[in-house]
Amino acid sequence: MAKGRKNGLYDGISEELSALMRTGWADTERHDLVPSEQAPYAAARRAALSARFPGERLVVPSGNLKVRSNDDTYPFRPHSAYVHMTGDQARDCALVLEPRADGGHEAYCYVLPRDGRDDDTFWIGYTAELWMGRRLSLAEAERVLGLPCRDVRELPARLADGAGVPTRIVRGVDAALEGAVTTDEERDTELEDALSELRLVKDAWEIGELRKAVDSTVRGFTDAIGDLSTAVATSERWIEGTFFRRARLEGNSVGYGSICAAGDHATIMHWTANDGPVRPGELLLFDAGVETHSLYTADVTRTLPISGTFSPVQRQVYDAVYEAQQAGFDAVKPGAPYRAFHEAAQRHLAARLVEWGFIEGPVDRAYELGLQRRFTMAGTGHMLGLDVHDCASARNEEYVDGFLAPGMVLTVEPGLYFQPDDLTVPEEWRGIGVRIEDDLLVTEDGHENLSAALPRTSAEVEEWMARVAG
């Protein structure tokens, strides 16, 4: 029985109450469930993973609840590799690929089954079904996921009994499962690398989900800009809240902490406090993305003049960033080095900074020394998918030192950030931060800008503000 709260209002459970709670429940087993849309794609992903590790057991946990404070937990978000390989989002689960003699694998999904009604666990404790909601039965999970499902409570013993089988596990996700296997860090890292690399090229279903994420994000941006006058009267929090409503309405949530950075805050790369004023005459750097119900996320940024019109200096900075982004766009095509779009955008910004007298030229020297980074700060983009910084464990030779291929989805997001205390630039430039970010799909003959529905040029942004902003 689950442990009660120390200062709970009930001292215990009478035998009569226990007996009452165990009786009178209808059979709610669902027999109408069918495999999810993602099931055949997940099966193909598992086959690709299997081919990389013949003769070895592979364990990919979904993760556990994490405590926020006391007995309150964060909303559960499963490990992305588990989602990619199963399509499932349940807690306390694991995908296990058991090796076969022919070098292939049998896949099993170990899940937490429904609480039975023959004891009090189904209604006692904050993780019980009557507290947290109905789970799938093992049979239901099998139908939805399209693979055999077993009781995850049996898995630690199964793993311990099979100690002679070479095993790899994704570390840092489920301590109990990790403690039940004998592995080594280097081999486990190779598994995590492979799981990341298998997400570099998206399949057709994933691309469809990313389109949904971007389309919802476009609507969320429009919502937020339509509420801009209220944000001026309140704070950056209004923009954050308006976008969050759209994310929850059409998806699971936001894919990362929204950046609603007005004024000087636009120069802070990851400003998520969002508690500052929104003042006409300043810029709003708005970086946000909707995460779909399937957990794929968009990642889009626009920098907007709060008054509706850019000042001359703001426009000069904005146009330079736009031109750099376009140079990056032009480098996104199949067969191109991954780094090409980053280098093209950074070289353009280095040239502008030399032209303005903020760094010493010539441009090639400035770029070679990375002098532009004082004002550009970050790289120019990243892979996008289940994680906002997707495929993060992929090896360099497969990612940043690799080549673009059809089906890859990445962001292109150059920026210029002039800190409010930077004495190397004129006073009117200080506190200006501009980033423009779009989500690009690499196609057979080039690329598609999935977020093209949002305006990009300074003139288009001003027209959009005049039309939409309240």
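The name given to the chain in an unreviewed UniProt entry is Xaa-Pro aminopeptidase, and the organism recorded there is Streptomyces roseolus. UniProt annotates the chain under Cofactor (unreviewed entry) with the comment "Mn(2+)". Turning to the chain, the UniProt record has this under Catalytic activity (unreviewed entry): "Release of any N-terminal amino acid, including proline, that is linked to proline, even from a dipeptide or tripeptide."

J.: Which residues make up the packing of aromatic side chains, and what are the values?
T.: Each pair of aromatic rings is reported with the distance of its centres and the angle of its planes. Counting across every chain of the model gives 15 aromatic pairs. Consider the rings of F221 and F243, whose centres lie 5.9 Å apart with planes at 90 degrees: the pair is edge-to-face. Of this pair, F221 sits in helix α9 (residues 204–226) while F243 is found in helix α11 (residues 236–250), placing the two residues 22 residues apart along the sequence. Judged by relative accessible area, which is 0%, F243 ranks as buried. Three or more aromatic residues link up through ring pairs in this structure, and these residues are W356, F358, F375, F418 and W429.

J.: I'd like to hear about the side chain of D193, residue by residue, with values.
T.: Take D193: it is sitting in helix α8 (residues 185–197). Here D193 occupies a buried position and makes no salt bridge, while the nearest side chain of opposite charge, R395, is found at 5.2 Å. In this structure D193 touches S393, A394 and R395, once residues within four positions along its chain are discounted.

J.: Would you mind going over the sheet that holds strand β10 (residues 283–288) in detail, with residue names and values included?
T.: The 3 strands are arranged β9-β10-β12 in an open sheet whose pairing can be described as antiparallel. On the outer flanks of this sheet lie β9 (259–262) and β12 (300–305), each paired with one strand and no other. Direction aside, the axes of adjacent strands within the sheet are offset by 10 degrees on average. Pairing of β9 with β10, which is carried by 4 bridges, proceeds in the antiparallel orientation. Considered in β10, the bridge of A261 is made with L285. Against the sheet, α11 makes contact with β9 and β10, and its axis sits at roughly 155 degrees relative to β9, the strand it touches most.

So, how was this worked out
Residues numbered from 1 in each chain as written. Predicted model: local features only at pLDDT ≥ 70, side-chain atom pairs only at ≥ 80, totals over all residues. Heavy atoms only, no water. UniProt positions renumbered as here; feature names shortened; annotations may be inferred. Phe/Tyr/Trp six-rings, centres within 6.5 Å; stacked < 30°, edge-to-face > 60°. Helix = DSSP H or I, 4+ residues; strand = E, 2+ residues; numbered from the N terminus. Buried < 20%, exposed > 50% of the residue type's maximum accessible area, 1.4 Å probe, protein only. Lys, Arg positive; Asp, Glu negative; His and termini not counted. Salt bridge = Lys/Arg side-chain N within 4 Å of Asp/Glu carboxyl O. Contact = heavy atoms within 4.5 Å. Pairing = 2+ DSSP bridges. Axes fitted to C-alpha atoms, helices over the stretch in contact; angles between N-to-C directions.

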